[in-house]
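Each chain, written out:
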Amino acid sequence: MTLARPAPAALALLFCLAAQGPAVAQESAPGLAAAEPSNAERLAPGFSLRTYTDEFGAHKYSVFVPRTPPPPAGYPLVLFLHGANERGTDGIAQTKVGLGAIIRNDPDFPAVVVFPQVENPDGRILPAWNPDRPDGARALKIFDEVKQTVSFDPRRQVLTGWSMGGYGVLGQLAKGDPERWSAAVSVASGRANDVDRKALAEASRVTPLWIVAGAQDRFVPFVETAKTVAELREDGGRVRFTKVRNAGHSVWETAFASDRFAAILQNPRVVDPRETNRPPGEVDLTVTDLPDEDEFDRTADAPVAPEAFQPELILSRGAFVRADNALMTKLAQQAAQALPPDTLTGAIPDQNITRDVLGQKIFVNFSGISYAGKISNVAVRGHDGNVVTVRVELVDASVTVRCIRMRAPLGHRGIAGPVTVRAGLRRPLVLEVDIRPTIVQNELKLTALCTRFSLPADDYYVCGPTCIDEDGLFLTESKLAKQLVEGIYEARRQGEQAVRDAVPEMLQEVGGGVSLGNPGGLAGELVPLPLIEPVVKVELADVRADRDGLTALFDLVVGSTDLRAAPHTPERADGGVTLDLGERVAEPEELAVGVSTSLVRLLSGELVKDGVPRIDARDVPGNPLETLHQRENLLRIVPGLSAPEYAADELRARLTLVGPMSAIASDSDENASVRMESDDVELTVDHLPPDGDWQRAAVVRLSLRQPVSAAVRKNGAYRNFIAVADLERTVITPLEAMPVVGDRVDANLAAELVLEGWNRWLIDEGPFSGPLQDFDLPGASLRIEEFASRSPSTGVSGGLLLARFTVPDTSLENRSDLPLTYRIRAEPNGPWGGPFTLVPGDTHTYKTREVLRFEQVGAAPGVATRRTLEIGQCYHYHLPVGALYPVLDSGTEYAPSDDTAVYRKDPRPWRLRAPVAGRESPALSSTTETSDDSEAGRASRGPYAPRSAVTSSPSPGRN
């Protein structure tokens, strides 16, 4: 009979590092009956590839039809407009990203969705879907054709799109017929220059419009989308606006998987801001609780179709993670605290044993066996020789046997129970396991080398049995009870061995390896080009423990940006990261993450191979290259275009990266210092005759040198990524000029105008800044503290980017005009500390690894006085709109009363903007109450006494 063994999760938590919308009631729109298909050909359920034929030829597109029968009112009908990277003529690529990827993971998606495709891969991006363009006009005709083949609800026709398609949604509304749409959803976009803002505002008063943007979008900057929303409202338009806090350009993963989008399909009115202004009798009550502006969190595990990721190349030894013993122990303790109370509660299969009693063999069956226990502490320590020792302390462990059945050879029988064995009451039971971590086929394998566990005789108790019934077992009931108890005491050694034997099986259940999330973000954030960033996945390559901690190496697998690419063996390159390097750069109690800057070269090279880094100067969000694409300046660059035969030609300028971009790091502990280099930037000037195709006029090859310094700005619990491009040291020079029209090209003027637009883009849009999310782990999370870099002298090609994380602090910030008096303690039953007074404008910070319990002292009637403070959260004491008294909310719950200020573009240079993403820093008081921060003073106030942050410094003090 075995004593309670630790659940497999208790050990799994020590090694598995996992990086990481408001619900709306769904209601069908009332009214019109379903529009039945007039065409005899009905579309089959699922995705189908179709062809639309017009005077210009055959055009492929895709349609999705739900597998469930249509409702009485008919299916919702959706037109989805894809992004720039899905342009082509195959008719399928546009279903692999965006709404199509969501549907592929949800076969019960409740709407018919039409997927047309922009066919010209070299055309303009922002206006491609406009109804006055060939692809935009054809999309409407395809949509009308599908109407003839499905049963749809005329009141649920939804227009939506992402990226280029999001711009297309706004273009279709402003330049087309907004009354044909029941609702419109634009994701990761803004207003193109050729879309009239007045017309768009008027259309938004006709068609309910929802705009969604990622706060970390580097390709269509969040401020660009926010500017579009502000313009709409200034012009009298109506729009709902959602900011997804920790999402980038792939914000579609959250938008299309949200309850809000599902609700729009069923009742498009949920997105209409006008509904909140109608009398209660004219609108569903479920509609009125939606604000005009709100924020979502990114969907943790975005649903992406498996075939969407095709490995293109592998950067072997491209990244590492390093954790020292102290950090591993703290993380393990946090993980143990986060385990559900019943983690070490369960059942054990029936056990059978044979005992000799007075020369007779007695067969004993134990049934109804259950166990329980609690983990009181966990410690992890590495040793030289690639060994990790895990120490788990258990308390209040018990095993209960509900029924013991005994049988003698002559048919005599007995029954007893229940019996309870208890241990770990006086002191913790200690389970120590020496483990050797290895990597087998990119998976973490843990091998138990030695297991130590004992049940001390002075802390091992047998209680019962309380009921005995015997039938001819030649023993009185008292003697039988004594024999049972003595037998269980004698089985103590067997229980110890059973626990030790169970350890290898538990270690086998630990799998999946260690994950960095998307390490491409660390290096990719520094690529100063508005390009599509390939998906990067990680695979474990090696792991080693030493006396100070544990280091793991990773291969970085870069996915192809070509959605049509067939599966093939990916190419390999060596990142040069070593286990020794990871051990050298780590700091105590920190998690160090390092990525080879070779990843920048590989990412940009993959984009070049797929033809992605090519953009019309007019299509850069924010129009920073406005001066470059002015006709008079293009004529100055290519004087030959001034000839009379080109007077009616349309002109364009395009920037193309034709070769990989390199990133060279330098040694820095203050920030990550990198120099971006490329001699393969091409500026092409083209002309379009009135009755012909685009033709080349000139090519200028440019050299780019851009120093970038990445740092972490801190404000309470917030962390922002700030990459400062040194504009004074930015160099763009011409390398070669190749005229096609005429015999001369002003390459110096071309380089000057590109540099001017480049700097304007860096200053105005700020693509290098954004909020930094915590590094989430099972039951715990780490917060970034600093960036650093190492030069190629480390042996890593291009150098190394470093990010260091630590267990975050918990803070309270007073944003009201009233003082906050409170007590605080560690959960669940720690002693109370305080009371403390938090004056307006002040912040109290707790450097603790425990969940805290907060209690407000002297709270106003009706105000909640107690709440749990999670590790690493920043809590705001503020006065909500319309409330009489301040309340305490977490940072994710809090929104300032002037919501428009959150989204208004900051006119200052981006390097001077507030470190909190999209928000001004709170004004901190220059004076506050005097507090004694000495050891004696803190001791007199309790074990959890904060240290005040009262100066204008953005970094709060810590106790």
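The structure displayed is predicted, hence computed values, not measured ones. (Residues numbered from 1 in each chain as written. Predicted model: local features only at pLDDT ≥ 70, side-chain atom pairs only at ≥ 80, totals over all residues. Heavy atoms only, no water.)

1. Considerations on the overall build of the protein chain
1) Next: Check the secondary structure of the protein chain and you find 18 helices and 44 strands.
2) Next: Considering the protein chain as a whole, with its 959 residues, one finds that 56% of them fall into the buried category.
3) Next: Total accessible area computed for the protein chain in this model is approximately 38,700 Å², and 50% of it derives from carbon and sulfur atoms. (Helix = DSSP H or I, 4+ residues; strand = E, 2+ residues; numbered from the N terminus. Buried < 20%, exposed > 50% of the residue type's maximum accessible area, 1.4 Å probe, protein only. Areas by Shrake-Rupley, 256 points an atom, 1.4 Å probe, with all protein chains shown as cover.)

2. Concerning unusual backbone geometry
Glycine aside, residues mostly have negative phi, and peptide bonds are mostly found in the trans state.
1) Next: Backbone torsion omega between Gly417 and Pro418 reads -15°, so that peptide bond is classified as cis.
2) Next: Take Pro418: it is sitting in the loop between strand 15 (413-417) and strand 16 (419-423).
3) Next: The step from Gly464 to Pro465 runs through a cis peptide bond, and the omega angle for that step is 5°.
4) Next: The topology assignment puts Pro465 in the loop between strand 19 (460-463) and strand 20 (467-471).

3. Points about the packing of aromatic side chains
1) Next: Counting across every chain of the model gives 13 aromatic pairs.
2) Next: Ring centres of Trp758 and Trp761 lie 5.9 Å apart, and the angle between their planes is 55°; this geometry places the pair in the tilted category. Highlighted residues: Trp758 and Trp761, both in helix 16 (residues 747-765), separated by three residues, approximately one helical turn.
3) Next: The exposure class of Trp758 is buried, given its relative accessible area of 10%.
4) Next: Trp761 gets classed as buried once you look at its relative accessible area, which sits at 5%.
5) Next: One aromatic cluster is present, formed by Phe47, Phe64, Phe80, Phe109, Phe115, Phe256 and Phe261 through successive ring pairs.
6) Next: Stacked on the ring of Phe47, the Lys or Arg Arg104 has its end atom at 4.5 Å from the ring centre. (Phe/Tyr/Trp six-rings, centres within 6.5 Å; stacked < 30°, edge-to-face > 60°. Lys NZ or Arg CZ within 6 Å of the ring centre and 35° of its normal.)

4. Let's talk about the sheet that holds strand 38 (residues 833-838)
1) Next: Across the sheet, which stays open at both edges, the four strands sit in the order 38-37-40-41 with antiparallel pairing between neighbours. Each of the sheet's edge strands pairs with one partner strand only, and the pair in question is strand 38 and strand 41 (866-869). On average, each strand axis in the sheet is tilted by 30° relative to the strand beside it, whichever way the strands run.
2) Next: Across four bridges, the pairing between strand 37 (residues 820-826) and strand 38 is antiparallel. (Pairing = 2+ DSSP bridges. Axes fitted to C-alpha atoms, helices over the stretch in contact; angles between N-to-C directions.)

5. So, the pairing of strand 3 (residues 75-81)
1) Next: The element strand 3 is extensively covered by neighbouring structure, given that seven of its seven residues are classed as buried.
2) Next: Sheet topology note: the strand 3/strand 5 (residues 152-162) ladder contains six bridges and is parallel. By the bridge assignment for strand 5, Phe80 is matched with Thr160.
3) Next: With three bridges connecting them, strand 3 and strand 4 (residues 112-115) associate as parallel partners. Paired with Leu79 across the strands is Val114, a residue of strand 4.
4) Next: Taken together, strand 3, helix 2 (residues 99-104) and strand 4 constitute a β-α-β crossover, and its handedness is right-handed. (Right-handed = clockwise from strand over helix to strand, strands pointing away.)

6. Brief notes about the state of the cysteines
1) Next: One pass over the structure, following the stated rule, counts zero disulfides.
2) Next: Cysteine Cys403 shares no disulfide, and the gap to the nearest cysteine sulfur, in Cys467, comes to 9.4 Å. (Disulfide = S-S within 2.5 Å.)

7. Details of the pattern of salt bridges
1) Next: The tally for this structure, following the rule as stated, stands at 46 salt bridges.
2) Next: Two residues, Asp580 and Arg544, come together in a salt bridge whose shortest N-O distance is 2.5 Å. Here Asp580, found in helix 13 (residues 579-585), pairs with Arg544, found in strand 21 (residues 536-546); they are 36 residues apart in sequence, far enough to count as distant.
3) Next: Residues Glu813 and Arg815 are paired through a salt bridge, measuring 2.8 Å at the closest nitrogen-oxygen approach.
4) Next: Residue classification places Arg815 among the partly exposed residues on the basis of a relative accessible area of 25%.
5) Next: Three or more residues are tied together by salt bridges with common partners; here these are Arg191, Arg197, Lys198, Glu231, Glu234 and Asp235. (Salt bridge = Lys/Arg side-chain N within 4 Å of Asp/Glu carboxyl O.)

8. A look at the pairing of strand 21
1) Next: In terms of strand pairing, strand 21 meets strand 22 (residues 549-559) through ten bridges, oriented antiparallel. Its bridge partner being in strand 22, Ala545 is matched across the sheet by Leu550.
2) Next: Hairpin connection of strand 21 to strand 22: two residues between the antiparallel strands.

9. Concerning the side chain of Glu432
1) Next: Examined against the element boundaries, Glu432 turns out to sit in strand 17 (residues 429-440).
2) Next: Assessed through its relative accessible area of 18%, Glu432 is described here as buried.
3) Next: Here the side chain of Glu432 touches Arg391 through a polar contact of 3.1 Å, side chain to side chain.
4) Next: Excluding anything up to four places from it in sequence, Glu432 contacts Val390, Arg391, Cys450, Thr451 and Arg452. (Polar contact = N/O pair within 3.5 Å; in protein donor to acceptor, adjacent residues only side chain to side chain. Contact = heavy atoms within 4.5 Å.)

10. A closer look at the nonpolar core
1) Next: Membership of the largest hydrophobic core comes to 171 residues, with the highest contact counts inside it found for Leu173, Leu628, Ile637 and Leu683.
2) Next: In this structure, Leu628 is in contact with Ala617, Asn633, Leu634, Ile637, Ala653, Leu683, Leu753 and Val754, ignoring residues within four places of it in sequence.
3) Next: Among the nonpolar cores identified, the runner-up in size contains 31 residues, and Ala111, Ala183, Val251 and Trp252 belong to it. (Core = buried A, V, L, I, M, F, W, Y, C linked by side-chain atoms within 4.5 Å.)

11. A look at the packing of helix 5 (residues 197-204) against helix 6 (residues 222-234)
1) Next: Between helix 5 and helix 6, the least distance of the axes is 9 Å, while the angle of their chain directions is 75°. Between helix 5 and helix 6, the angle is such that the two are roughly perpendicular. Between helix 5, through Arg197, Leu200, Ala201 and Ser204, and helix 6, the contact on the second element is made entirely by Glu231, Leu232 and Glu234.
2) Next: Taken together, the residues of the contact of helix 5 with helix 6 sort by class into three nonpolar, one polar and three charged. (Parallel < 35°, antiparallel > 145°, perpendicular 65-115°, else oblique. Nonpolar A, V, L, I, M, F, W, Y, C, P; charged D, E, K, R; others polar.)

12. A look at helix 4 (residues 164-175)
1) Next: The terminal C-alpha atoms of helix 4, which comprises twelve residues, lie 16 Å apart, in line with the 16 Å expected from a rise of 1.5 Å per residue.
2) Next: Here helix 4 lies mainly inside the structure; eleven of its twelve residues are buried.
3) Next: Listed as buried for helix 4 are Met164, Gly165, Gly166, Tyr167, Gly168, Val169, Leu170, Gly171, Gln172, Leu173 and Ala174. (Expected span 1.5 Å × (residues − 1).)

13. Considering the confidence of the model for the protein chain
1) Next: Overall, the prediction assigns the protein chain a mean pLDDT of 78, with 77% of residues at 70 or greater.
2) Next: Across residues 1-32 the pLDDT falls below 50, and counting only partners more than four positions away or on other chains, this stretch makes 113 contacts in the model.
3) Next: For residues 511-518, every residue scores under 50 in pLDDT, and the model assigns this stretch 29 contacts once sequence neighbours within four places are set aside. (pLDDT = per-residue confidence, 0-100.)

14. Here's the deal with helix 9 (residues 325-337)
1) Next: The end-to-end C-alpha distance of helix 9 is 18 Å, a good match for the 18 Å that 13 residues give at a rise of 1.5 Å each.
2) Next: A large share of helix 9 lies buried, amounting to ten of its 13 residues.

15. A look at the packing of helix 4 against helix 5
1) Next: Packing of helix 4 against helix 5 brings their axes to within 8 Å, and their N-to-C directions diverge by 85°. Our classification of the angle between helix 4 and helix 5 gives roughly perpendicular. Each of Leu170, Leu173 and Ala174 in helix 4 lies in contact with helix 5, whose residues at this interface are Ala199, Leu200 and Ala203.
2) Next: Classifying every residue of the contact of helix 4 with helix 5 by side-chain character gives six nonpolar, no polar and no charged.

16. Things to note about the environment of Phe363
1) Next: If you trace the backbone, Phe363 turns up in strand 13 (residues 360-383).
2) Next: By relative accessible area, Phe363 is classed as partly exposed at 34%.
3) Next: Sequence separation between Phe363 and Ala408 is 45 residues, and the spatial gap between their C-alpha atoms is 6.4 Å.
4) Next: Filtering out sequence-adjacent residues up to four positions away, Phe363 remains in contact with Ile353, Thr354, Arg405, Met406 and Arg407.

17. A short note on the side chain of His687
1) Next: Note that His687 resides in strand 28 (residues 672-688).
2) Next: Overall, the relative accessible area of 3% leaves His687 in the buried class.
3) Next: One polar contact links His687 to Asp649, side chain to side chain, over a distance of 2.9 Å.
4) Next: In this structure His687 touches Leu641, Tyr646, Asp649, Glu650, Leu651, Asp693, Trp694, Gln695, Arg696, Ala697 and Val741, once residues within four positions along its chain are discounted.

18. Digging into the environment of Ile439
1) Next: On the secondary structure map, Ile439 appears in strand 17.
2) Next: Looking at Ile439, the relative accessible area reads 21%, which means it is partly exposed.
3) Next: It is 6.9 Å that separates the C-alpha atoms of Ile439 and Val543, two residues lying 104 residues apart in sequence.

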